[in-house]
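The lines below spell out each chain.
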Amino acid sequence: MVESAIQGRVDDLVERIAERASDAGRSVAVAESLTGGQLSAALSAAPDSGTWFHGGITAYHPEVKYSLLGAPRGPVVTEPTAVAMAESAVRLLLADVVVAVTGVGGPEPDEGKPAGTVVLAITGGDSPTSVEHLSFSGDPIEVMQKTVEAALEAVLGRLAPTD
């Protein structure tokens, strides 16, 4: 029951993103680590996604974050990493709005940060890159699901009409 409620929330967010992106003629892309492609999967399943979803980069291994996405060498569950992921993906995927997520899914801590630690960056649109530091409870799957929801909410907010 809980899983279907989560999926229902994701489906609702994705439909709203699809509508706003289409109406505004804006493109969306993602750079993800912690979510392992789930964010891209959710967006690509949306109505008319081929017209507004430019794709995603799943940079799970730190070396991919460093070499492909320009993250600074060192810990990767950081604000500079999330920002580099988002800003590089704008360029690499030719998108108007990009959300990036990096974090610790768990069940164990990593890089001295507890499981459930997430750093989310959103860039593009008419606003500068912004970052959210999030903390979610639950097992690794729950942390991933909550991260997908938070990322979708960030995209929807960035696509919000400015009038």
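Whatever comes next refers back to the structure up there.
As the structure is a prediction and not an experimental result, all values here were calculated from the model.

As for the overall build of the protein chain
Broken down by element type, the protein chain carries six helices and five strands. Moving toward the C terminus, one meets the helices and strands of the protein chain in the order α-β-α-α-β-α-α-β-β-β-α. Taken against the 2.2 N^0.38 rule, which gives 15 Å for 163 residues, the C-alpha radius of gyration of the protein chain at 15 Å falls within 12% of a compact globule. For the protein chain, the C-alpha atoms occupy an extent of roughly 45 × 40 × 25 Å along the three principal directions. Just so you have it, the protein chain exposes about 7700 Å², and 52% of that area is on carbon and sulfur atoms. Charged side chains in the protein chain number 10 positive and 22 negative. The centres of these two groups are separated by 5 Å.

Focus on the sheet that holds strand E4 (residues 117-124)
Pairing is mixed across the open sheet formed by five strands, whose spatial order is E2-E1-E3-E4-E5. Both outer strands of the open sheet, strand E2 (53-58) and strand E5 (127-135), are each paired with one neighbouring strand and no more. Ignoring strand direction, the axes of neighbouring strands in this sheet form an average angle of 10°. The pairing of strand E1 (residues 28-32) with strand E3 (residues 97-103) spans five bridges and is parallel. Counted as the bridge partner of Ala-31 is Ala-100 from E3. Where helix H5 (residues 79-93) meets the sheet, its contacts fall on E1, E2, E3, E4 and E5, and the angle it forms with E3 comes to roughly 145°. Here helix H6 (residues 140-158) sits on the sheet and contacts E1, E3, E4 and E5; the angle it forms with E4, its principal contact strand, is near 20°.

Observations concerning unusual backbone geometry
The omega torsion across Gly-106 and Pro-107 is 15°, close enough to zero to call that bond cis. Locating Pro-107 in the fold gives a position in the loop between E3 and E4. Even without a glycine there, the phi angle at Asp-48 is positive, about 55°. Note on placement: Asp-48 falls in the loop between helix H2 (38-44) and helix H3 (49-52). Given the relative accessible area of 57%, Asp-48 is considered exposed. Located in the positive-phi region is Glu-111, a residue other than glycine, with phi close to 55°. Mapping Glu-111 onto the fold places it in the loop between E3 and E4.

A short note on H5
Here H5 is 15 residues long and its end C-alpha atoms lie 21 Å apart, about the 21 Å a rise of 1.5 Å per residue gives. Among all positions of H5, only Thr-81, Ala-82, Ala-84, Met-85, Ala-86, Ser-88, Ala-89 and Leu-93 are buried. Contact partners of the buried residues in H5: E1, E2, helix H4 (62-67), E3 and E4. Leu-94 sits one or two residues past H5 and shows a positive phi near 55°.

Cut-offs and rules
Residues numbered from 1 in each chain as written. Predicted model: local features only at pLDDT ≥ 70, side-chain atom pairs only at ≥ 80, totals over all residues. Heavy atoms only, no water. Helix = DSSP H or I, 4+ residues; strand = E, 2+ residues; numbered from the N terminus. Rg over C-alpha atoms; globule rule 2.2 N^0.38 Å. Areas by Shrake-Rupley, 256 points an atom, 1.4 Å probe, with all protein chains shown as cover. Lys, Arg positive; Asp, Glu negative; His and termini not counted. Charge placed at Lys NZ, Arg CZ, Asp CG, Glu CD. Pairing = 2+ DSSP bridges. Axes fitted to C-alpha atoms, helices over the stretch in contact; angles between N-to-C directions. Contact = heavy atoms within 4.5 Å. Buried < 20%, exposed > 50% of the residue type's maximum accessible area, 1.4 Å probe, protein only. Expected span 1.5 Å × (residues − 1).

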